[in-house]
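Here is what each chain is made of, one letter per residue.
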Amino acid sequence: MTSARVSVQTEDFDLSREIAELRQGDKGVGAVCSFVGTVRDRNEGDTVASMELEHYPGMTEKSIEAMVAEAFRRFDILGARVIHRVGLLQPLDQIVLVAVTSAHRGQSFQACEFLMDYLKTQAPFWKKEETAQGARWVDARVSDDAALARWGITARNA
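Since the model is a prediction, treat every value here as computed from it, not as a measurement.

Chemist: An account of the environment of Q94 is needed here, citing residue identities and associated values.
Modeler: Structurally, the position occupied by Q94 is in strand β7 (residues 94-102). With residues near it in sequence (within four places) discarded, Q94 still touches D12, F13, V36, G37, T38, R85 and L89. One polar contact links Q94 to D12, side chain to side chain, over a distance of 2.7 Å.

And the structure:
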């Protein structure tokens, strides 16, 4: 059985299982592109002890699903899977998975990058890092906004 296209969850994910489910039964798949984001132990020169991610249940999934639908409109892809974790995470923990299938690699690469650029700037998540200096909220970087702009989308926080 194929997975839902979008999941927001506290539990970890298994990359191999998710890709196998995404590819299952589709003999037209010639390419799979995936991206896994993980928690770093440093940010902006400070040691990060943990990261907490919050979201609005329902609204977050709907927002990401709309961007997955847009990826299907823009690119010749066969399947897509986005998993984003929420809750308290530690350095090395997986945060996000974006996986895309297509007949040829170019479309998978482009759609995967498009979805990640969207997630970094537009998906309604709030990230708080715990550092030795205290807790701080993390904003999207200017470089993330520029990456999104190349797809013709203006960052909503710009």
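Chemist: I'd like a description of helix α1 (residues 15-23), backed by residues and values.
Modeler: The α-helix winds at 3.6 residues per turn, so residues separated by three or four positions along the chain end up facing the same way. Here α1 has its buried residues at E18, I19 and L22. Across the axial projection of α1, the buried residues extend over an arc of 95°, all falling on one side. At its buried positions, α1 is contacted by β2 (31-38), β5 (77-85) and β7. N-cap assignment for α1: the residue whose side-chain oxygen lies 3.0 Å from the backbone N of S16 is D14.

Chemist: Requested: an account of the side chain of S102, with residues and values cited.
Modeler: Turning to its location among the elements, S102 is positioned in strand β7. A polar side-chain atom of S102 sits 2.4 Å from the main-chain carbonyl oxygen of H104. Those residues in contact with S102 that sit more than four places away from it in its chain are G28, V29, G30, A31, D76, I77, L78, Q107 and S108.

Chemist: Describe the pairing of strand β9 (residues 134-138), listing the residues and the values that go with them.
Modeler: As judged from the five bridges shared by strand β8 (residues 125-131) and β9, these two strands associate in the antiparallel manner. The partner of K128 across the bridge, within β9, is W137. As consecutive antiparallel partners, β8 and β9 are separated by two residues.

Chemist: Which residues make up helix α3 (residues 105-121), and what are the values?
Modeler: Given a rise of 1.5 Å per residue, 17 residues ought to cover 24 Å, and the 25 Å separating the end C-alpha atoms of α3 matches this to within 8%. Turning to α3, its buried residues are S108, A111, C112, F114, L115, M116, D117, Y118, L119 and T121.

Chemist: Could you give an account of the sheet that holds β5, naming the residues involved and the relevant values?
Modeler: Taken in spatial order, the four strands line up as β1-β5-β7-β2 in an open sheet, and their pairing is mixed. In this open sheet, the two edge strands, each paired with only one partner strand, are β1 (6-9) and β2. Within this sheet the neighbouring strands show an average axis-to-axis angle of 10°, counted without direction. Contacts from α1 reach β2, β5 and β7 within the one sheet, and its direction differs from that of β7 by about 25°. Each of β1 and β5 touches helix α2 (residues 59-74); the most contacted strand, β5, lies at about 155° to it.

Chemist: I'd love a proper account of the packing of aromatic side chains, names of residues and values included.
Modeler: Counted under the stated rule, the structure contains two aromatic pairs. Taken together, a centroid distance of 5.1 Å and an interplanar angle of 80° make the contact between Y56 and W126 edge-to-face. Taken together, the positions of Y56 in the loop between β4 (46-55) and α2 and W126 in strand β8 put the pair 70 residues apart, joining distant regions of the chain. According to the relative accessible area criterion, W126 is partly exposed, its value standing at 35%.

Chemist: So what's going on with unusual backbone geometry? Which residues, and what values?
Modeler: The phi torsion at L92 lies on the positive side, around 85°, for a residue other than glycine. Among the secondary structure elements, L92 is positioned in the loop between β6 (87-89) and β7.

Rules behind the numbers
Residues numbered from 1 in each chain as written. Predicted model: local features only at pLDDT ≥ 70, side-chain atom pairs only at ≥ 80, totals over all residues. Heavy atoms only, no water. Helix = DSSP H or I, 4+ residues; strand = E, 2+ residues; numbered from the N terminus. Contact = heavy atoms within 4.5 Å. Polar contact = N/O pair within 3.5 Å; in protein donor to acceptor, adjacent residues only side chain to side chain. Buried < 20%, exposed > 50% of the residue type's maximum accessible area, 1.4 Å probe, protein only. Arc of directions from axis to C-beta. Pairing = 2+ DSSP bridges. Expected span 1.5 Å × (residues − 1). Axes fitted to C-alpha atoms, helices over the stretch in contact; angles between N-to-C directions. Phe/Tyr/Trp six-rings, centres within 6.5 Å; stacked < 30°, edge-to-face > 60°.

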